[in-house]
Amino acid sequence: MAAVPESHTGWTFITSHARVLAAIADNPNIRIREIAAHCRLTERAVARIIADLEKDGYLSHTREGRTNTYRIDPDKVLRHPAEAGLSVASLLSLLVRDETERASAPAAHTQQLVDAGGQ
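First things first, this report covers the structure right here in the doc. The model shown is predicted, which means the values in this text are computed figures rather than measured ones.

Rules of the game
Residues numbered from 1 in each chain as written. Predicted model: local features only at pLDDT ≥ 70, side-chain atom pairs only at ≥ 80, totals over all residues. Heavy atoms only, no water. Helix = DSSP H or I, 4+ residues; strand = E, 2+ residues; numbered from the N terminus. Buried < 20%, exposed > 50% of the residue type's maximum accessible area, 1.4 Å probe, protein only. Contact = heavy atoms within 4.5 Å. Areas by Shrake-Rupley, 256 points an atom, 1.4 Å probe, with all protein chains shown as cover. Polar contact = N/O pair within 3.5 Å; in protein donor to acceptor, adjacent residues only side chain to side chain. Phe/Tyr/Trp six-rings, centres within 6.5 Å; stacked < 30°, edge-to-face > 60°. Lys NZ or Arg CZ within 6 Å of the ring centre and 35° of its normal.

In terms of helices and strands, the protein chain carries 6 helices and 2 strands. Walking the protein chain from its N terminus toward its C terminus, one meets helices and strands in the order α-α-α-β-β-α-α-α. Every one of the 119 residues in the protein chain was classed for burial, and the buried ones make up 21%. In the protein chain, the proportion of contacts linking residues at least 24 apart, taken out of those at least 6 apart, comes to 41%. Total accessible area computed for the protein chain in this model is approximately 8,800 Å², and 55% of it derives from carbon and sulfur atoms.

Tracing the sequence through the fold places asparagine 68 in strand β2 (residues 67-72). In this structure the side chain of asparagine 68 is engaged in a polar contact, spanning 3.2 Å, whose partner is the side chain of arginine 63. Not counting the four nearest positions on each side in its chain, asparagine 68 is found in contact with Pro28, Asn29, His61, Thr62 and Arg63.

Turning next to the packing of aromatic side chains. For the structure shown, the criterion picks out 1 aromatic pair. Taking the ring centre of tyrosine 58 as reference, the NZ or CZ of lysine 76 above it sits at 5.3 Å.

See the structure below:
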């Protein structure tokens, strides 16, 4: 059984549901255990979040042997009235890194942000 990730105190900008959805968008064949580690959640919490997302039509899955392949509905509109009209695709475009970003060094990206803020 996997260890429970460290708890976090205080608020965050991104919800656990958005983090799980972004992890799935990054890898549609990702395992619940991997999502939990990536998002610093318990496996049980990830399973509940996936159930929520499936229940409301944001996510579906197909079983292939012992593996789930997830499918996100990119056209589904976000739930909160403040985001009325924004699609899941627009949210994920902010959260999911593409391959070119992943290949670049994180330190270089951080330095670019620091340099941009200092001008």
